[in-house]
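Here is how the chains run, residue by residue.
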Amino acid sequence: MSESKANRIVKRHSGAKISYFSDKVVKHQGVDQTWLEVKKTEEAILISKKTCLFRVPRVYSYNLEEGSIIFERLIGMLPIYKFMRNPCVSKAVAVRLGEILAAIHEHVPQHWKMHSGSYSREYGDIPPVFTHGDFAINNIFYHPKTDQIAIIDWSPAPWLTDRAQIDTHYADLCVFLFSLFVRSPLRPWEIRYPESVAQAMIRTYNAKTSTAVNSVNLKRYCEKVLSETREPRKSLRSTLRMLMLRRSMARMKRFIGVPNLLE
Ligand SMILES: Nc1ncnc2c1ncn2[C@@H]1O[C@H](COP(=O)(O)OP(=O)(O)O)[C@@H](O)[C@H]1O
Ligand SMILES: [Mg+2]
């Protein structure tokens with residue numbers, strides 16, 4: 001790919017490599033992931049245009065052989081959790097995210113056919129929907145001046161790879177909840193009250209969608225997501241991460257175990 005020199009290149013845990021240019025970013029990853037991300041981003045742009053609830057970075061071009069996508073760079077936007085220290089702001093954000101996720105799940109993809117994966121079959125009668133695939137808080141960006149929300153990274157999370165084009169709606173919700181509760185040992189965590197954010201988000205989601213979640217299934221799916229979380233490599237950093245992860249998981253388990261959570 002003929003490119004001017006990147007001003008920063010970051011290798012991610014996911015295996016993707018991000019190169020930053022002044023007005024674009026280039027994402028390199030596996031070929032299958034690239035294809036899926038392009039296709040899903042095209043669908044996401046349709047949802048964004050139809051609902052005006054969020055924006056999606058434009059895809060300028062892509063190269064399937066190289067496994068690369070050139071995206072529009074989000075200028076002036078920051079990860080939304082940086083604005084979520086204030087409980088009133090974070091609750092308002094949660095309500096918007098509930099509405100956004102409901103719109104994503106209501107979308108019927110036009111350009112490719114959904115097929116039922118093993119994941120949805122495991123859960124019998126819960127119908128699959130179009131999912132984001134990694135609806136974690138760090139994939140959500142915010143522009144404080146324009147009040148716009150952007151959703152990035154429509155490539156499926158590595159541990160959902162074989163089934164993340166579609167899934168049950170619980171998958172995105174569980175990933176989102178997990179991302180609210182999980183804390184890094186090496187930086188302060190901006191979301192001080194994940195429980196109230198989670199509750200406001202799910203309640204709005206349930207009010208806006210035809211596929212409302214119930215607490216029994218939510219608990220079951222979240223426990224599955226938690227049990228699939230990979231053990232990190234053994235180093236001081238990863239041991240600290242694991243300890244923090246266990247504490248975060250315990251807090252999330254307490255939250256999803258609360259009776260009448262969604263009533
Ligand atoms: N369009 C974009 N504009 C600005 N920054 C971006 C853009 N796309 C990705 N990034 C930055 O790169 C990071 C990783 O990109 P992402 O697509 O989420 O990859 P991964 O699959 O590794 O999580 C993001 O958290 C964000 O900081
Ligand atoms: Mg990401």
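As a convention, each chain's residues are numbered from 1 in the sequence order in which they are written. The order in which chains are written sets their letters, starting at A; the order in which ligands are written sets their numbers, starting at 1. Since the coordinates come from a predicted model, pLDDT governs what is reported: local features require at least 70, and pairs of side-chain atoms require 80 or more to be given and counted, while whole-chain, interface and lining totals use all residues.

To continue, consider the pairing of strand β2 (residues 17–20). What makes two strands pair is DSSP finding at least two bridges between them. Secondary structure elements are taken from DSSP: a helix is a run of H or I of four residues or more, a strand is a run of E of two residues or more, and numbering for both begins at the N terminus. Summarising the sheet, strand β1 (residues 8–11) and β2 pair through four bridges and their orientation is antiparallel. Across the sheet, Val10 pairs through a bridge with Ile18, a residue of β2. Where β1 folds back onto β2 in an antiparallel hairpin, the turn is made up of five residues, including Gly15, whose phi is positive at roughly 100 degrees. Pairing between β2 and strand β3 (residues 24–28): four bridges, direction antiparallel.

What follows concerns the sheet that holds strand β5 (residues 68–72). Spatial ordering of the open sheet is given by β1-β2-β3-β5-β4, a layout of five strands whose pairing is antiparallel. A single partner strand is all that each edge strand has here, and the edge strands are β1 and β4 (59–63). Strand after strand, the sheet turns through a mean of 15 degrees between neighbouring axes, direction not considered. An axis is simply a line fitted to the C-alpha atoms; with a helix, the fit covers only the stretch in contact. Between two such axes, the angle follows the N-to-C directions and lies from 0 to 180 degrees.

Here we take up the environment of Ile151. Within the secondary structure, Ile151 is located in strand β9 (residues 148–151). The exposure label follows from counting other C-beta atoms within 10 Å of a residue's C-beta, where the C-beta atoms are placed from the backbone and the thresholds are 20 or more for buried and 12 or fewer for exposed, leaving partly exposed in between. On the basis of neighbour count, Ile151 is assigned to the buried category, with 24 C-beta atoms found within 10 Å. The spacing of Ile151 and Pro57 is 94 residues in sequence and 7.9 Å in space, taken between C-alpha atoms. Throughout, a residue-residue contact means that the two C-beta atoms, derived from backbone geometry, are no farther apart than 7 Å. Setting aside residues no more than four positions away along its own chain, Ile151 makes contact with Ala44, Phe54, Val56, Ile100, His132, Asn139 and Ile140.

Side chains that are three or four residues apart share a direction in an α-helix, a result of its 3.6 residues per turn. Here a helix's expected span is defined as the number of its residues, less one, multiplied by 1.5 Å. Here helix α7 (residues 236–256) spans 30 Å end to end across 21 residues, near enough to the 30 Å set by a 1.5 Å rise per residue. Among all positions of α7, only Leu245, Ser248 and Met252 are buried. One side of α7 holds all its buried residues, which, seen down the axis, span an arc of 75 degrees. Facing away from the buried side of α7 by over 90 degrees, the exposed positions are Leu236, Leu243, Arg246, Ala250 and Arg254. Where α7 is buried, its residues contact α4 (169–181) and α6 (215–228). Arc definition: directions from the helix axis to the C-beta atoms.

Here we take up the confidence of the model for the protein. Of all residues in the protein, 85% attain a pLDDT of 70 or more, and the chain-wide mean is 84. You can read pLDDT as the predictor saying how much it trusts each residue, on a scale of 0 to 100. Taken together, the stretch residues 116–121 has pLDDT below 50 and engages in twelve contacts with residues farther than four places along the chain or on a different chain.

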